[in-house]
Amino acid sequence: MNIPPFKRRRIIAVDDDSINRMTLEAILSTDYDFVAMSNGPEALALLAEQPADLILLDINMPEMDGFEVLAALQQNEKTCAIPVIMLTGDLDQETEVQGIQAGAFDFVHKPFIPTLILRRIERTLELKALQHHMQQEIDRQTAIAQERLASTQRLFQEMIETLADTIDAKDKYTHGHSHRVADYAREIARRAGKSEEYQRAVYYMAQLHDIGKIGIPSSLINKNTKLTDEEYAAMCQHTNIGSDILAHVKEMPELLTAARSHHERYDGTGYPDGLAGTAIPEKVRIIAVADAYDAMTSKRSYRDVLPQAVVRQEILNARETQLDPLFTDIMLQMIDEDVHYHLREE
């Protein structure tokens, strides 16, 4: 087995006093890869080309003092993580506080005591290694958590889409209705300047707005003649059924509001609660516009897709009665831009 050679850690000392540099070399060169520089600019130039594990930095130097060099080190992403021990012959509390606040790791007094400076360097390198390992572990655990979250979100989305497919499968005439309503609703929200999080919520809510139809007999959903009053009342129950089903989803309670309230009308004449205007949740008002549009641009048992001009006029007629005017205007803009009438069931 080939064992890689031990890599000696590299220390750079910056001190304008040649005696101090020679003393540090005598103390450190046996155990470390040691380089001594006489001033800050030279040290910064060297560090730009060669990394270091630790820097010993004198405070009182001409041209650039230790604090100026430390500031330059902190501002450079290549050197900001290198631990710095500051060297001084006259350390007072104020200077120490200033140094720590500026980013220094420790201080060493002059004249140098070999045992003391070696111990300070060992301790600093050990602490820095511990910090590095801790950060690696934090990064690893964060990556795991992010992947788990992404996996959970993918599973949630897949379950939503599967439920939407299940809902649409009950109506043989409107395949893809829930997905189209979700796409239209998300686009309306985007054009309204809503955040990506808001758009995502609208999309999921729209996918499940008709989930209550699971509890309605297929014979009623697919009836190709006009519903009787009794049948219509039974069909209206899908909003209550849907809200009961989604009441168990505690992590996203808004899903319930879409299932329950997407047949409320802006003028207050809708069902099941007779909500009006802004009493209807905003996301539901967006979904209602998208739902009304897709209902007219999808095939039904009793008719084909309506002509685009007819759909536009019906949407305009529903403005401020059935539908929120702001989101209706956005839908009208989308219709006007769709010159080839792509926004419909194919």
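Residues numbered from 1 in each chain as written. Predicted model: local features only at pLDDT ≥ 70, side-chain atom pairs only at ≥ 80, totals over all residues. Heavy atoms only, no water.

Engineer: What's the story with the UniProt feature "modified residue: 4-aspartylphosphate" (unreviewed entry) in the protein chain in this structure? I'm lost.
Structural biologist: Residues annotated in UniProt with the feature "modified residue: 4-aspartylphosphate" (unreviewed entry) correspond here to Asp-58. With respect to the helices and strands, the residue Asp-58 is situated in strand β3 (residues 54-58). The residues contacting Asp-58, other than those within four sequence positions of it, are Val-14, Asp-15, Asp-16, Gly-66, Leu-87 and Lys-110. (UniProt positions renumbered as here; feature names shortened; annotations may be inferred. Helix = DSSP H or I, 4+ residues; strand = E, 2+ residues; numbered from the N terminus. Contact = heavy atoms within 4.5 Å.)

Engineer: Can you help me understand the packing of helix α11 (residues 254-261) against helix α12 (residues 282-296) in this one?
Structural biologist: Between two packed helices, what matters for the description is the angle formed by their axes and the separation of those axes. Relative orientation of the contacting elements α11 and α12 amounts to 45°, with a least axis distance of 9 Å. Relative to α12, the element α11 is oriented oblique. The handedness of the crossing between α11 and α12 is right-handed. Taking contact as the criterion, the partners of Glu-254, Thr-257, Ala-258 and Ser-261 in α11 are, on α12, Lys-283, Val-284 and Ile-287. When the residues that make up the contact of α11 with α12 are grouped by side-chain class, the tally is three nonpolar, two polar and two charged. (Axes fitted to C-alpha atoms, helices over the stretch in contact; angles between N-to-C directions. Parallel < 35°, antiparallel > 145°, perpendicular 65-115°, else oblique. Left-handed = near helix turned anticlockwise from the far one by under 90°. Nonpolar A, V, L, I, M, F, W, Y, C, P; charged D, E, K, R; others polar.)

Engineer: I tried to follow the confidence of the model for the protein chain on my own but got confused; where do I start?
Structural biologist: Close reading of the predicted structure is inappropriate where its pLDDT is low. Taken over all residues, the pLDDT of the protein chain has a mean of 89, while the share at 70 or more is 97%. Contacts from residues 1-5, a stretch scored under 50 in pLDDT, to residues over four places away or in other chains number zero contacts. (pLDDT = per-residue confidence, 0-100.)

Engineer: What exactly am I supposed to notice about the domain arrangement of the protein chain here?
Structural biologist: One widely used convention gives an interface's size as the accessible area the parts lose upon coming together. When the domains of the protein chain are assigned, the result is domain 1 (10-139) and domain 2 (171-337). A C-alpha centroid distance of 67 Å is found between domain 1 and domain 2. (Domains from an automatic or database assignment.)

Engineer: What is the right way to look at the packing of aromatic side chains in this model?
Structural biologist: For any pair of aromatic rings, geometry is given as the distance between the ring centres together with the angle between the planes. Evaluation of the coordinates by the stated rule reveals three aromatic pairs. Ring centres of Tyr-184 and Tyr-293 lie 5.3 Å apart, and the angle between their planes is 85°; on these two criteria the pair is classed as edge-to-face. Residue Tyr-184 is located in helix α6 (residues 177-191), and its partner Tyr-293 is located in helix α12; the two are separated by 109 residues in the primary sequence. Per residue, the accessibility class of Tyr-184 equals that of Tyr-293, and both read buried. If you follow Arg-186 out to its NZ or CZ, it ends over the ring of Tyr-203, 4.0 Å from the centre. (Phe/Tyr/Trp six-rings, centres within 6.5 Å; stacked < 30°, edge-to-face > 60°. Buried < 20%, exposed > 50% of the residue type's maximum accessible area, 1.4 Å probe, protein only. Lys NZ or Arg CZ within 6 Å of the ring centre and 35° of its normal.)

Engineer: Explain the environment of Val-305 here, please?
Structural biologist: Residue placement: Val-305 occurs in the loop between α12 and α13 (308-317). Sequence spacing of Val-305 and Tyr-204 is 101 residues, and the spatial spacing of their C-alpha atoms is 25 Å. Residue contacts for Val-305: discarding those within four places in its chain leaves Met-296, Thr-297, Ser-298, Lys-299, Tyr-341, Arg-344 and Glu-345.

Engineer: Help me understand the pattern of salt bridges in this model?
Structural biologist: A pair can form between side chains of opposite charge whenever their charged atoms are brought close. Tallying each qualifying case throughout the model produces 23 salt bridges. For Glu-187, the salt bridge identified is with Arg-190, shortest N-O distance 2.8 Å. Taken together, the residues span about one helical turn, with Glu-187 and Arg-190 both in helix α6 at a distance of three residues. Accessibility expressed as a relative area gives 45% for Arg-190, which makes it partly exposed. Note that Glu-254 is salt-bridged to Lys-283, the shortest N-O span being 2.8 Å. Taken together, the positions of Glu-254 in helix α11 and Lys-283 in helix α12 put the pair 29 residues apart, joining distant regions of the chain. Classification of Glu-254 as partly exposed rests on a relative accessible area of 29%. A relative accessible area of 13% means that Lys-283 is categorised as buried. (Salt bridge = Lys/Arg side-chain N within 4 Å of Asp/Glu carboxyl O.)

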